[in-house]
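Read off the chains here:
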Amino acid sequence: MELKQYQSRVLDELSAFLKNLDKEREERNEILKKTPEEAREDVASSRDFVKRAWKKQRGPYYAKQDGLKNPLPDVYIKVPTGGGKTLLACHAINRIRREYLKRQTGLVVWIVPTNQIYRQTFAQLRDRSHPYRQQLEIASGGRVMIAERADVLSPTDLRDKLVILLLMLPAAAKASKDRLRMYRDSGGYEEFFPKEGDVQEHDELLKTIPNLDVFKDDAGRNLKPTMIQSSLANVFRLSRPLIIVDEGQKAYSQTARETICGFNPAFVLELSATPPKHVNIVSAVSGQDLNKEEMIKLDINLTNRNTTDYKIVLLAAKTKREELEREADIYRQNSDRYIRPIALIQVERVGKDQRKKGIIHAEDAREFLLKEGVLENQIALKTSEKDDLEDIDLLDEECPIRYIITKQALQEGWDCSFAYVLTVLSNLTASMSMTQLVGRVLRQPDAAKTGVPALDECYVFTQRRNSGEVIRNIKKELESEGLSDLTGHITDDTDGKDILPFVTTKFRDKFKKFEGRLYLPQFVVMNGNGQPHLLEYEGDILANLDWTKITFPTELKELNLSNAPNHGKASIGLPHEWVRHSDDDYANGDLTEPDSVLMTRQLVDVIPNAWDAHKMSRRIVDYFTKRDGKEKTANNLVFIIEESKKLLAVQRDAMAEKYFHSQVKKGAFELLLFTGKGEWQIPASIRTRSAARMNRDDGNPLAKTLFDYIPDEDMNEYERTVALYMDEQERLLWWYRNQTHSGYKLQGWKRNRIVPDFITASVSDDGEDEMGEVRVIETKGIHLKNEDTDYKKAVLDLCDELCRSPRGGERRKWKDLKEEFADHQFKFDLVFEDEWESVLNGIFMGPAN
């Protein structure tokens, strides 16, 4: 599963901390080696290497300690609902073990807050074909063991495998530990501890790890001689696990913190949409990040019916769902992408004996839908007593379900991107019980917009409520889901006053003369027929590469494969269908030979020519089969594929870059103020929604924005800082916030187009209201200096170079296609967070252009 840009950023920011952490730990260890033994404890306590490593991160540091009073790296990743917490956690395990813990195997304790999330996560991690599991296979070299609290572990398991043990917090975080199974002495863990009668060994181990539980008498005193309990909790303390905490904000009671830290973890990574106070946030994802990556459905369209008849509301929701399905059918004919819109219906009662007059029961809603022509198999109940969704894949094209009736069983851990319509029929006074379901309809199918407005938004139907109150509660829910910066994307068609209206923002009066005249250069392909077209990655770059020049990645020869055996079962990390069987082997579940044809299906993501992809797959499989044998190659096939794709993508991108530059050099690709099909110019108006207008920090209105209204939630903190700084520069005429989906984009030699953050115009020598140099500015955080950033900088530098004339480096005069820009010049900049002020000072504080 390819990571989104914000997910790559999060992992890069985590890696930056891990590298600092590793460096500071090594420096501390070197000091301890040179310190007299009697002073080592004082030196260790005075040199908190975690705190020193954090100084290079942003924000204050809050010290944490493990159960042995050692400094504990405990960091948070802030990820909104729908942002892929589990995928990030799987990738983070790889980073933490590789870059800090320095080993692929060992124990990971994965803590979840509820039974529903537990069951969902466990099923995903156990599924060898699931992207989460495959990422763990890569992290471990194909040696993954997914375990539960009741499973028996051995030291060999922890030495040779990456053991992911799922644990519900209530099963561990109890004030009375003696009543919990994992704290009791039990069979199966004896190998971890000294033999029962070896008093000296028990004493020595306790000196090393003094917080191990020991046997006690009825009065709570340690029995003599002291003996360590053979318990799962003690295995944790002994093993120094990596701990992953899902929904970390729910594990912040004193008991929960004491429990987690008391397991003596080597590292704690917590993920949450709403981290509590006083935690170390190593990286944060905003709602805008998800929106830019097309992960969520926006806008949220509210329809509130002021009626006591729930059937009117339910009928309106049914009509909307059917309308969406018609749109989805048309969309599939044009795209071959399947979407089946689902309506979630919240009722007041679901129990068998709770149906009575005046209360909207699940059966009331079900019977009404049946009378309105909905088929019985299209309706599912999801309650604590009846679960029609168990073992059902709602995304399957054969699944008939279109309506799900519930009370509150979908509040957590439920994920179906086909859910579009939320219908709230309850009259409960606790309005948050309604809004807790909003997050269930936000996820965008396939994390990709369809381009059909109706299928890129979600819908909420309510009855007998104050519209303003509903909106305020939806806003609260968005905040609880970590999506507070998206509260402006709520619409209301109810005749109420307390709503968030559309805002149409237009050019400021003093800039009206530029309306319809502001074009920006784009890369175009100069066809022989004299009809240029906008550059397209697939047709103009990828289709013209010589795939026969893709070579066997020499780095693969350094790849070490796992020695983990098959044990007569399905290959570790390998779906059954990825391996060729003989008839006899298949009956026994044994795996014998890796299949290069199935590997080809993965490599076509990088090498689109299937024939060339197959030849490369055959070469790679043959190489490892000859070097390591068929069985070992089969065991590691997922690992080999992922590494191959990374290395081949480097070659593909290098070929694309070389081809791109060659086409530019000979004039086949040109950077022009294009006015043909697909031309882009700053629009005359933008329709948006926002609860608040962006102002300067002192409360005064913005002065130099090209448009008269900027939504307050339209930028992240760094972008906002840059914007406010620019707004105060005398040499700046105007600045424009580029739009994510409909804004200015630059196509380079990689698939994803570059969407700069700002466009600015300086004051000209010809007058204070005339344009001089036009700047295209992309901003990047300090921790985002990575391969993707290098690529963007290279494209922007090339654009900057092409905007210069061959004579003396003077700026090119744009008389090619647009007379309005004949006297204006363009400049392209990528500005990092640690240098933005000095760069912008150079741009706006120098002489006028």
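The coordinates are above.
The following paragraphs examine the structure supplied in this document. (Residues numbered from 1 in each chain as written. Predicted model: local features only at pLDDT ≥ 70, side-chain atom pairs only at ≥ 80, totals over all residues. Heavy atoms only, no water.)

1. Side note on the overall build of the protein
- Helix and strand content of the protein: 24 helices and 25 strands.
- Evaluated residue by residue, the protein yields a buried proportion of 56% over its 849 residues.
- Approximately 38,400 Å² of the protein is accessible, and the part contributed by carbon and sulfur atoms is 45%. (Helix = DSSP H or I, 4+ residues; strand = E, 2+ residues; numbered from the N terminus. Buried < 20%, exposed > 50% of the residue type's maximum accessible area, 1.4 Å probe, protein only. Areas by Shrake-Rupley, 256 points an atom, 1.4 Å probe, with all protein chains shown as cover.)

2. Some points on the pattern of salt bridges
- Per the stated rule, a full pass over the model turns up 49 salt bridges.
- For the salt bridge of D22 with K102, the shortest nitrogen-to-oxygen distance reads 3.2 Å. Of this pair, D22 sits in helix α1 (residues 5-33) while K102 sits in the loop between α4 (85-101) and β2 (106-112); the two residues are 80 residues apart in sequence, bridging distant segments of the chain.
- Using a relative accessible area of 15% as the deciding quantity, one classes D22 as buried.
- In this structure, E719 and K292 form a salt bridge, with 3.7 Å as the shortest nitrogen-oxygen distance. (Salt bridge = Lys/Arg side-chain N within 4 Å of Asp/Glu carboxyl O.)

3. A short note on the sheet that holds strand β23 (residues 758-764)
- Sheet architecture is open: four strands sit in the order β22-β23-β24-β25, paired in mixed fashion. Single-partner strands in this sheet number two, and they are β22 (732-737) and β25 (825-832). Taking the axes of each pair of neighbouring strands and ignoring which way they run, one obtains an average angle of 25° across the sheet.
- Where strand β24 (residues 767-780) meets β25, eight bridges bridge the pair, whose relative direction is parallel. Bridging from a neighbouring strand, V776 pairs with F828 of β25.
- Relative to the sheet, helix α24 (residues 836-844) contacts β22, β23, β24 and β25, its axis offset from that of β25 by approximately 165°. (Pairing = 2+ DSSP bridges. Axes fitted to C-alpha atoms, helices over the stretch in contact; angles between N-to-C directions. Contact = heavy atoms within 4.5 Å.)

4. Describing the packing of α1 against α4
- Following both chains from N to C, one finds α1 and α4 inclined at 25°, their axes separated by 10 Å at the closest point. Here α4 runs roughly parallel to α1, going by the angle between their axes. Our pair here, α1 against α4, has a crossing hand that is right-handed. Facing Q7, V10, L11, D12, L14, S15, L18, K19, L21, D22 and R25 of α1, the residues of α4 in contact are L87, L88, H91, A92, R95, I96, E99 and Y100.
- In terms of residue class, the contact of α1 with α4 is made up of ten nonpolar, three polar and six charged. (Parallel < 35°, antiparallel > 145°, perpendicular 65-115°, else oblique. Left-handed = near helix turned anticlockwise from the far one by under 90°. Nonpolar A, V, L, I, M, F, W, Y, C, P; charged D, E, K, R; others polar.)

5. What to know about the pairing of β23
- When you tally the buried positions in β23, you get seven out of seven residues, the bulk of the element.
- Pairing between β22 and β23: five bridges, direction antiparallel. Bridge pairing in β23 links L732 to S762.
- The sheet contact formed by β23 and β24 spans six bridges and is antiparallel. Paired with F758 across the bridge in β24 is I777.
- Hairpin connection from β23 to β24: two residues lie between these consecutive antiparallel strands.

6. What to know about the packing of helix α22 (residues 717-726) against α24
- Two numbers describe how α22 lies on α24: the axes approach to 11 Å, and their chain directions differ by 30°. Relative to α24, the element α22 lies roughly parallel. Crossing of α22 against α24: the hand is right-handed. Between α22, through Y718, T721, V722, Y725 and M726, and α24, the contact on the second element is made entirely by W836, E837, L840, N841 and F844.
- Split into classes, the residues belonging to the contact of α22 with α24 amount to seven nonpolar, two polar and one charged.

7. Some remarks on the environment of S644
- Looking at where S644 falls in the secondary structure, it is placed in helix α21 (residues 637-665).
- Sequence-wise, S644 and L603 are 41 residues apart; in three dimensions their C-alpha atoms are separated by 8.1 Å.
- In this structure, S644 is in contact with L556, M599, L603 and I620, ignoring residues within four places of it in sequence.
- A distance of 2.7 Å separates a polar side-chain atom of S644 from the backbone oxygen of I640. (Polar contact = N/O pair within 3.5 Å; in protein donor to acceptor, adjacent residues only side chain to side chain.)

8. Remarks on unusual backbone geometry
- The amide bond that connects K224 to the next residue, P225, takes the cis arrangement and shows omega of -5°.
- Relative to the assigned elements, P225 resides in the loop between α8 (199-208) and α9 (232-239).
- Across the junction of L298 and D299, the peptide omega takes the value 20°, indicating a cis bond.
- With respect to the helices and strands, the residue D299 is situated in the loop between α11 (287-292) and β8 (300-305).

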